[in-house]
Amino acid sequence: MPQALLSKARRGRARAPCWRWDALLLLLLLNLLLLLLDVVHTAAFLVPLRTKSIRFTATISTMRWPPTPFRCMSLHDLQQPTCSTVVAAASQPVPPDLVDALAERPWRTGLEPAEDVDMLEVPADCIEGTIPPDLVGTLFRNGAGRIRVGSSPSTRYNHWFDGDGMVAAATFTPDGRCYFRQKYLRGAKFLAQEKAGEERLGSRGVWTQKKGEGERGNKGGKGRWWQNIGRLPGNPLNTNVLVMEGGKEGGVESKRVWALCEGGPPFEFDPVTLDVQAEPELFVGPHGQLSSFFSAHPKQDPDTGTLYNVGMLLGPSLALNLIKISPASSSSTSSPFSSSSSSSSSSPFLLRQHSYSLPAIPVLHDFVLAGRFLVIFLSPYQARPPSLLRSLLGLASLGEMYRWEKGKEGVAWVFEKETLRRVAEVAIDPPFSNYHFVNAWERGKGGKEGERARKGDQGVVLERQGRMKGGEEVVEVEVVVAQHRSGREEVEKLFRDMYHADFSQGLECETWRYVIRFGYSSSSSSSSSTSRGERGGTRQGRREDGTRVGELIEASPLPLAASSYGYELPTINPLTVGKEGRYAYVNALVREEGFIDTVAKLDLREGGRMEPHTWSVPSGCFAGEAVFIPKGRKEGGREGEAEEDEGYLVFYVFDSRRQASDLVVIDAQKMENPPLAVVHLPVRVPYSYHGAWTTDTFGVGGRAGGRA
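Residues numbered from 1 in each chain as written. Predicted model: local features only at pLDDT ≥ 70, side-chain atom pairs only at ≥ 80, totals over all residues. Heavy atoms only, no water.

J.: Please explain the overall build of the protein as it appears in this structure.
T.: A count of helical and extended segments in the protein gives 8 helices and 34 strands. Within the protein, contacts between residues at least 6 apart in sequence are counted, and of these 71% link residues at least 24 apart. (Helix = DSSP H or I, 4+ residues; strand = E, 2+ residues; numbered from the N terminus. Contact = heavy atoms within 4.5 Å.)

J.: Explanation requested: the sheet that holds strand S23 (residues 548-549) in the structure shown.
T.: Two pairing modes exist for strands in a sheet, parallel and antiparallel, and in both the strands are linked by backbone hydrogen bonds. Strand order in the open sheet formed by 5 strands is S14-S15-S18-S19-S23, and the pairing between neighbours is mixed. Of all strands in the sheet, those bounded by a partner on one side alone are strand S14 (368-370) and S23. Here strand S15 (residues 373-378) pairs with strand S18 (residues 410-416) via 6 bridges, running antiparallel. Bridge assignment links Phe377 to a residue of S18, and that residue is Ala412. (Pairing = 2+ DSSP bridges.)

J.: Is there a simple way to think about the packing of aromatic side chains in this case?
T.: Here a ring pair, both rings aromatic, is described through the centre-centre distance and the interplanar angle of the planes. Within the structure shown, the criterion is met by 35 aromatic pairs. With a centroid separation of 6.4 Å and an interplanar angle of 50°, the aromatic rings of Trp107 and Tyr687 are classed as tilted. With Trp107 in the loop between helix H4 (96-104) and strand S1 (117-121) and Tyr687 in the loop between strand S33 (677-680) and strand S34 (690-694), the pair connects residues that are 580 residues apart, well separated along the chain. We classify Trp107 as buried; its relative accessible area is 0%. Pairing Trp512 with Tyr514 gives two aromatic rings, centres 6.1 Å apart and planes at 25°, and the pair type is stacked. Neither Trp512 nor Tyr514 differs from the other in exposure class; each is buried. (Phe/Tyr/Trp six-rings, centres within 6.5 Å; stacked < 30°, edge-to-face > 60°. Buried < 20%, exposed > 50% of the residue type's maximum accessible area, 1.4 Å probe, protein only.)

J.: So what exactly am I meant to see when it comes to the pattern of salt bridges here?
T.: Between side chains of opposite charge, a pair can form as their charged atoms come close. Inspection of the entire model under this criterion finds 42 salt bridges. Residue Arg517 pairs with Glu551 through a salt bridge whose shortest N-O separation is 3.8 Å. Of this pair, Arg517 sits in strand S22 (residues 509-520) while Glu551 sits in strand S24 (residues 551-557), placing them 34 residues apart in sequence. Across the pair Asp655 and Arg658 runs a salt bridge, and its minimum N-O distance is 4.0 Å. Both residues of the pair, Asp655 and Arg658, belong to the buried class. What you see here is one network of salt bridges that share partners, running through Arg443, Glu476, Glu478, Arg513, Arg517, Glu551 and Glu554. (Salt bridge = Lys/Arg side-chain N within 4 Å of Asp/Glu carboxyl O.)

J.: Any chance you could explain the nonpolar core here in plain terms?
T.: Where a protein is soluble and globular, its nonpolar side chains tend to be buried together. One finds Leu320, Leu322, Ile361, Leu374, Ile376 and Trp413 to be the most contacted residues of the largest nonpolar core, which totals 29 residues. Elements with a minimum of two residues in this core: strand S10 (307-313), strand S11 (319-325), S15, strand S16 (381-383), helix H7 (385-392) and S18. Residues in contact with Leu322, not counting those within four places in the same chain, are Asn309, Val310, Arg352, Gln353, His354, Tyr356, Leu374, Ile376, Phe415 and Leu420. Counting 28 residues, the second-largest nonpolar core is a separate cluster that includes Tyr435, Met498, Phe595 and Phe622. (Core = buried A, V, L, I, M, F, W, Y, C linked by side-chain atoms within 4.5 Å.)

J.: Sorry if this is basic, but what is going on with helix H8 (residues 488-495) here?
T.: An α-helical segment advances 3.6 residues per turn. Residues three or four places apart therefore align on the same side. Of the positions making up H8, those classed as buried are Arg488, Val491, Glu492, Leu494 and Phe495. Projected onto a plane normal to the axis of H8, the buried residues spread over an arc of 155° and lie on a single side. On its buried side, H8 packs onto S16, strand S17 (403-404), strand S20 (434-442) and strand S21 (473-484). (Arc of directions from axis to C-beta.)

J.: Would you mind showing me how to read unusual backbone geometry here?
T.: The general pattern is negative phi for most residues beyond glycine and trans for most peptide bonds. Here the residue pair Asp429 and Pro430 is connected by a cis peptide bond, since its omega of 5° sits within 30 degrees of zero. Relative to the assigned elements, Pro430 resides in the loop between strand S19 (421-428) and S20.

J.: Would you mind showing me how to read the environment of Val243 here?
T.: Relative to the helices and strands, Val243 is located in strand S6 (residues 240-249). Classification of Val243 by relative accessible area gives buried; the value is 13%.

J.: Explain the side chain of Lys210 to me, please; I cannot follow it from the model alone.
T.: Among the structural elements, Lys210 can be located in the loop between helix H5 (188-196) and helix H6 (225-228). If near-sequence neighbours (up to four positions away) are discounted, Lys210 is found in contact with Arg200, Leu201, Gly202, Ser203, Arg204, Gly223, Arg224, Gln227, Asn228 and Arg231.

J.: Sorry, what's going on with the environment of Tyr585 here?
T.: Mapped onto the elements of the fold, Tyr585 is located in strand S26 (residues 583-588). With residues up to four places along the chain from it excluded, the contact list for Tyr585 reads Leu569, Pro570, Thr571, Ile572, Ala600, Lys601, Phe628, Asp645, Leu649 and Ala668.

J.: When you look at H7 in this model, what are you seeing that I'm missing?
T.: Restricting attention to buried positions, one finds in H7 the residues Ser387, Leu388, Ser391 and Leu392. In an axial view of H7, the angular spread of the buried residues amounts to 140°, which keeps them on one side of the axis. Gly394 occupies a position one or two residues after H7 and carries a positive phi of about 80°.

J.: Is there a simple way to think about the pairing of strand S5 (residues 178-184) in this case?
T.: Within S5, 7 of the 7 residues are buried, which leaves it mostly tucked inside the rest of the structure. Residues Cys178, Phe180, Gln182 and Tyr184 line one face of S5 and the alternating positions Tyr179, Arg181 and Lys183 line the opposite face, and both faces are buried. Summarising the sheet, S1 and S5 pair through 3 bridges and their orientation is antiparallel. Along S5, the bridge assignment pairs Leu120 with Phe180. Across 7 bridges, strand S4 (residues 164-172) lies against S5 in antiparallel orientation.

J.: Can you walk me through the confidence of the model for the protein in this structure?
T.: Regions with low pLDDT should not have their predicted coordinates read in detail. Confidence along the protein averages 80 in pLDDT terms, with 73% of residues attaining 70 or more. Below pLDDT 50 for its whole length, residues 446-468 participates in 45 contacts with residues either more than four positions away or in separate chains. Below a pLDDT of 50 lies the segment residues 634-638, which in the model reaches 1 contact outside its immediate sequence neighbourhood of four places, other chains included. (pLDDT = per-residue confidence, 0-100.)

J.: I'm lost on the sheet that holds S16 in this one. Help?
T.: Reading across from one edge, S13-S16-S17 is the order of the 3 strands in this open sheet, with antiparallel pairing throughout. Of all the strands in the sheet, the pair left with one neighbour each is strand S13 (361-362) and S17. In terms of strand pairing, S13 meets S16 through 2 bridges, oriented antiparallel. The residue bridging Pro362 from the neighbouring strand is Gln382, located in S16.

J.: Looking at this model, I keep getting lost on the environment of Val414. Mind explaining?
T.: One can find Val414 in strand S18. Classification of Val414 by relative accessible area gives buried; the value is 0%. On a C-alpha basis, the gap between Val414 and Val368 in space is 9.8 Å, while along the polypeptide they are 46 residues apart. In contact with Val414, other than residues within four places in its own chain, are Phe373, Leu374, Val375, Arg421, Arg422, Val423, Ala424, Ile516 and Phe518.

J.: Mind showing me how you'd approach the side chain of Thr171 here?
T.: Positionally, Thr171 belongs in strand S4. Within the local environment of Thr171, its side chain forms a polar contact with the side chain of Thr138, the two groups lying 3.0 Å apart. A polar contact is formed between the side chain of Thr171 and the side chain of Arg181, at a distance of 2.8 Å. Ignoring sequence-local partners within four residues, the contact set of Thr171 consists of Gly137, Thr138, Arg177, Cys178, Tyr179, Arg181, Thr697 and Val700. (Polar contact = N/O pair within 3.5 Å; in protein donor to acceptor, adjacent residues only side chain to side chain.)

J.: Just checking my understanding: could you explain the pairing of S18 for this structure?
T.: Two faces make up the sheet, and in a regular strand the side chains alternate between them. When you tally the buried positions in S18, you get 7 out of 7 residues, the bulk of the element. Side chains Gly410, Ala412, Val414 and Glu416 of S18 all project onto a buried face; the interleaved residues Val411, Trp413 and Phe415 project onto the opposite face, where all are buried too. Of the pairings in the sheet, the one linking S18 to S19 comprises 7 bridges and is antiparallel in character. When the sheet's bridge partners are listed, Val414 is paired in S19 with Ala424. Once S18 ends, the chain turns through 4 residues before running back antiparallel as S19, passing Leu420 with a positive phi of about 65°.

Structural data, given as C-alpha cells:
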C-alpha cells in the first residue's frame, strides 16, 4: 500500500517569503484599491460571474487498489486515421478556430487538454519486448497538461510555460510489471481556475493576463488593468520533479518528491496519488528556511548528494539567491543514485543561502555545477525593474516585458559551491541565448581534458589578456551549451502561440563550447581585502567586493554542430554532473514535421556527432525528453567499473495516429537497435518539460520495501 507522507509539523511548513516586506505593504494597498475597483466595475457593467466545474473524462475521485486493468488494442490492427478522426479523439470539443491548425500539424493535437488517469496496471500483452530486470523504480514527468481551459480564446494561456502542471508517473516493479497514473497538480492556481469555471481565467500567469468572459486570447487580448492590478502570477507547478531522500519512516527508507517551477517555491506531492501539498516546501532547518523562489534545474552533487539551486527575490530591490540543501543526512556520503544509503532519519534541510543584487530580472532556467564551482550565465534577455511595477499595476504581464538588449554583453558569475561565495565574474561577448546547458567541468580535474589537445575546432578562440597575479590558482572551466541557432525573441514568439507554432532546424539548438579562466583562492586562504591598484574592474583585477574579473578564452561551436539536427532538452548520466563527460542525450528534430520528434545521442569527444534512435519514433510520433538511468550494479561491483553510457534511456512518445502515448526503453549503448521495451498506454501523456527517476517503487504493485 502507498506509504504515508511525513507529517506537516515535521516539515515546519510556512509560506515562503519570496517578496520583500516593503513590497508586501505596497501589494496590500494595491489590493485594497483592487477591491474598490471590482465593486465599481461590477456595479457599472453588471458583468455576471458564472461558475462552472471543469469537465474531465477520467478524473480521480478516490484511490483504488488494486488498479483496474484495461484491454490493449494492438498497434498492428490500427489504421492510419484521418485528420477528422484525430480531432474527434480529443477529450474536449475542439474550438472551431483550432480545427485547421490541428489538422495541419498532427503534433499540435498533443497540446490539447489531457486527462487525469487513476492508477492502472498495464496488461502484459500491451508491453512489447521485455522490461529489463534491473530497471526497477519510478519515472516522474512534469509538463503543461493544458494550455487552454475552455473553448473561448479568452481562456487560453498566452505562453506554453503558463500551462497547468500535470505529473505522469510510471512505476516498474521487480516482477516486470508497469503501473501508470497521471494527474493535474491541484495547487492554488489550478484550484482558482476550477472555481472560475471554463468561461474565464481564474488567475494571472507570468505571460498571461487575467481576462473576463468573451475577451480575446492570444491575438491581442491582454485583459483589463483593474482585473490584474496587485495580482501576482500563479505558480503552475509545471516544469520539473525533484526526488530526494526523505529519511526513515517506520524503519523504512523513504523518498520525498516535489514539483518545481522557477516562478515560485517547490511543492511536495504524494508519489502515488499525486496529490499536492497546500503549503510550499521551505527546507526548514537549523540554518533557517528558504527565502526565495526555487528554480526548475537544481544540481545534485553525485558524490555527496548535496543539492544546489538558484532562485529570484523580487521586490523594490532585485536579487539572485543561491541555495544549498543537505541530503537526507548531512553526514551521508553515498551517491543519491546508488542502491544503498547510510542516511539517517532527517529530511533535507537548508544548509546555506546567499543573495546577490541584480540590475534587472533575468530568465534563470538553468545553470551549471563544475567541480568546486557553480556558474550562472546572465544574458541580455531581461526585464528592467520598471517592468515589475507595470506588472503590479496590471498594465501588462511580466513575461511580455522581456527584451533582448542589443549591444549588451552577457556575464558569467562563478561561485564557490562550498560557501556560495562569488569568486569571479566573466564578460561573455558576444552573448548567447539558451534554455539549457549540457554539462560543465574544471579542465584538468577528474578527467583527461587537461592532457588532451582538441583538433579541428571551428570558431574563434579569444586571445588571453594577461596572467593572473598574486600566486592564485588559475582555473579553467569548460561549459557545454545547448545554444539557440536563432534570436531569443524568435523562439519566444513560437511559445506564445503553440497552436500555430512550427519548429524548424533554425529555431532549435546546436552545441557550443565556452571556456572561462579566472584566478581563485579558496575561502580558507583568501583575504576579504582588495589589493591596491586592482579596483575599478579591470579584466585582470578584482571588483571592490573582492570578486576576481576573469576572461573568456574560448567560444566556439563543436565541429559538427552546424551540420547536425537541431535539438533541445539535453540530459546526461546523473553520475557525471559537474564532471567531464563524453555523452549527452537530446530531443532532435529529424523529420521536419514541425516539432522535435526523435531521441538522439551526442558524442562530445567526436565533435558533437549525433546518432538518432529512429527505431522508436515513426512518422506521426513525437518523442519527449529522455531520462538516462544507470544500469544496476552487479553484486560486488564498483561504480567506477561502468562505462558512462552503460544505462537505459526511458522516454514517452506521443502517437498522433492513435492519440495515445507509449513509454519506450532503449539501451543507450546500442542506439542502432530496436527498443528493449515499449509500453503502450491507453491515454495521451502531455508533452512534458523535465522529469526524474528514482529507484523507489513507493509500495506500488504490492512491494513491501521501497527500493530496487
